[in-house]
Amino acid sequence: MRDIISRLEALDFKAMYNNDFLLTADKPDDELKAVFETADALRSLRERNISAGIFRSGLAVSIFRDNSTRTRFSFASACNMLGLAVQDLDEGKSQIAHGETVRETANMISFMADVIGIRDDMYIGKGHAYQKTVAGAVSEGFAEGVLKERPVTVNLQCDVDHPTQTMADMLHVIHEFGGVEKLRGKKLAMTWAYSPSYGKPLSVPQGVISLFTRFGADVVLAYPQGYEVMPETEEAAARNAENSGGSFRKTSSMEEAFEGADIVYPKSWAPFSAMEKRTKLYGEGDFDGIKELEKELLAQNAKHAEWECTEEKMALTRDKKALYLHCLPADISGVSCRSGEVAESVFNRYRTKLYKQAGYKPYIIAAMIFLSKMKNPPKALLELESAATPRRLTI
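Residues numbered from 1 in each chain as written. Predicted model: local features only at pLDDT ≥ 70, side-chain atom pairs only at ≥ 80, totals over all residues. Heavy atoms only, no water.

(A) Representation of the nonpolar core within the structure. Of all hydrophobic cores here, the largest spans 106 residues; its most connected members are Leu42 and Tyr324. By residue number, the principal contributor to this core is helix H14 (residues 361-373), which donates nine residues. Among all residues touching tyrosine 324, those that are not within four sequence positions of it are Val264, Pro266, Cys309, Met314, Ala330, Val342, Phe347, Tyr350, Leu354 and Gln357. Membership of the second largest hydrophobic core comes to 13 residues, among which are Ile63, Leu89, Ile118 and Leu147. (Core = buried A, V, L, I, M, F, W, Y, C linked by side-chain atoms within 4.5 Å. Buried < 20%, exposed > 50% of the residue type's maximum accessible area, 1.4 Å probe, protein only. Helix = DSSP H or I, 4+ residues; strand = E, 2+ residues; numbered from the N terminus. Contact = heavy atoms within 4.5 Å.)

Structure representation (structure tokens):
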């Protein structure tokens, strides 16, 4: 813990206090590193049965506009660890159905809230915009005296980025390789993979290529022609690589991406152009058009069923044992589907590490909240450790 505190004190993250966490691209390197260090500190406290409860009361509001298992429970776990109760906003049971505006909803749910977590990832140009609208509404409410405290907004996934996931991915990699500085020069293959379903968000691959390039990794983005991600994200990844001394390039060969890779991240996503089209169709209420688009995309996916993470492809990686990553749930060939993203033998070999990868997410989310709510996080961590309040009785 003292080593963590020492590294934390050397970083500049003052701007995180009372501020939101929406996109990793908006955060300086020191703030990202502060999240990693704080996540490790909170994990250390819990592993030693020391309470990290900085709140004696308070509410965390979750808004999930898409299905979720890991992120939903990670958010709840993180908030509970810090002492907050969690209330999920079911929009179907709220006055939103009766025309309540985003500004009004944001203020009504925030009278005693400390944090709002939002997942809105399905529609291009909508999710991140909605999160910014909510954050702006509560800021306005606080400035006007409606809210006595400004709740911070945490991005639990949007159309642009999935910061809690990619930060958890990176913390897992940091622990696997022995430090954030060890990412420099490591080859990471972020590749599209076949799925028998359509419409998977682009936020994970976009978040991975924009985050890992910031820390000197050699990132290769691989996808079949027609499966492009947001062009501005690719441009940002190229700039990040140039600034960090890493590299970023694209290929249309999964094998080429795997060749000599230290880390592989094969995952399906929908084409950017198709997601734009789907958003437009939903906006027009053209549900027949949506059904037709789904058929087209499934047929398009089927042409690339060979984009699977197999034992043969894993044998191309560095020493034939690259670290396999996935945000889960993976489409496992012969298990969850007939043919999918990854071979059963590959998945099973990395299953324990994949679960550990997912296990970093509650601490990442808790760290984001902790840094936004504590004026002096290093001092707060030391006081928690010194108080040594048991999280649970061990009798």
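(B) Up close: the sheet that holds strand E1 (residues 59-64). The strand order across the open sheet formed by four strands is E2-E1-E3-E4, and the pairing between neighbours is parallel. Edge strands, defined here as strands with exactly one partner in the open sheet, are strand E2 (85-88) and strand E4 (152-158). Going from strand to strand, the sheet's axes swing by 20° on average, the running direction of each strand aside. Alignment of E1 against strand E3 (residues 113-120), held across six bridges, turns out to be parallel. Residue pairing across strands places phenylalanine 64 opposite arginine 119, the latter belonging to E3. Taken strand by strand, helix H5 (residues 127-143) contacts E1, E3 and E4, and its axis lies near 170° from that of E4. (Pairing = 2+ DSSP bridges. Axes fitted to C-alpha atoms, helices over the stretch in contact; angles between N-to-C directions.)

(C) Fine view of empty space enclosed by the protein. All told, the structure shown has three cavities of 30 Å³ or more when counted by the stated rule. As a volume, the largest cavity reaches approximately 60 Å³. In this structure, the largest cavity is lined by Met16, Asn19, Asp20, Phe21, Lys27, Val152, Thr153, Val154, Met368 and Ser372. Counting only elements with at least two residues in the lining of the largest cavity, the list comes to E4 and H14. With three residues, the top contributor of residues to the lining of the largest cavity is E4. Of the residues belonging to the lining of the largest cavity, the class tally is five nonpolar, three polar and two charged. Roughly 50 Å³ of internal volume is contained in the second largest cavity. Taken together, Ser197, Tyr198, Gly199, Lys200, Tyr227, Ser268, Trp269, Ala270, Pro271, Leu297 and Asn301 form the lining of the second largest cavity. (1 Å grid on protein atoms, 1.4 Å probe; cavity = no way out; pocket = protein on both sides within 12 Å on 5 of 7 lines; lining within 4 Å. Points joined across faces, edges and corners; volume = space filled by probe spheres on them. Nonpolar A, V, L, I, M, F, W, Y, C, P; charged D, E, K, R; others polar.)

(D) Layout of helix H7 (residues 203-212). Summarising burial for H7: ten of the ten residues are buried, a large majority. Residues of H7 that are buried include every one of Ser203, Val204, Pro205, Gln206, Gly207, Val208, Ile209, Ser210, Leu211 and Phe212, and no others.

(E) The arrangement of the packing of helix H6 (residues 163-177) against H14 in detail. The geometry of H6 relative to H14 is characterised by a closest axis approach of 8 Å and an angle of 115° between their N-to-C directions. Helix-helix and strand crossings are classified by hand; for H6 and H14 the assignment is right-handed. Counting all contacts with H6, which are made through Pro163, Thr164, Gln165, Met167, Ala168 and Leu171, the residues of H14 involved are Lys361, Ile364, Ile365 and Met368. In the contact of H6 with H14, the residues fall into seven nonpolar, two polar and one charged. (Left-handed = near helix turned anticlockwise from the far one by under 90°.)

(F) Spotlight on a nonpolar patch on the surface. Taken together, the side chains of Met108, Phe111, Met112 and Val146 present a nonpolar region at the surface, about 430 Å² in accessible area. Tracing the sequence through the fold places phenylalanine 111 in the loop between helix H4 (102-108) and E3. Since its relative accessible area comes to 45%, phenylalanine 111 is described here as partly exposed. (Patch = residues over 30% accessible without salt bridge, like charges linked within 9 Å, V, L, I, M, F, W, Y side chains within 5 Å. Areas by Shrake-Rupley, 256 points an atom, 1.4 Å probe, with all protein chains shown as cover. Salt bridge = Lys/Arg side-chain N within 4 Å of Asp/Glu carboxyl O.)

(G) Spatial organisation of the sheet that holds strand E7 (residues 247-251). Spatial strand order, E7-E6-E5-E8-E9: five strands in an open sheet with parallel pairing. Edge positions in the sheet fall to E7 and strand E9 (323-324), since each has one partner strand and no second. Where strand E5 (residues 187-191) lies against strand E6 (residues 218-222), five bridges are found, and the strand directions are parallel. Paired with alanine 189 across the two strands is valine 220, which belongs to E6. Running over the sheet, H7 touches E5, E6, E7 and strand E8 (263-266) and is turned about 160° from E5.

(H) Local environment of the pairing of E7. Pairing between E6 and E7: five bridges, direction parallel. Bridging from a neighbouring strand, valine 219 pairs with phenylalanine 248 of E7. For the crossover from E6 across helix H8 (residues 231-244) to E7, the handedness is right-handed. (Right-handed = clockwise from strand over helix to strand, strands pointing away.)

(I) Local environment of the environment of glutamate 312. Mapping glutamate 312 onto the fold places it in helix H12 (residues 311-314). On a C-alpha basis, the gap between glutamate 312 and valine 115 in space is 46 Å, while along the polypeptide they are 197 residues apart.

(J) Structural detail: the state of the cysteines. Following the criterion strictly, the structure yields zero disulfides and no others. Note on cysteine 337: no disulfide assigned, nearest cysteine sulfur contributed by cysteine 309 at a separation of 13 Å. (Disulfide = S-S within 2.5 Å.)

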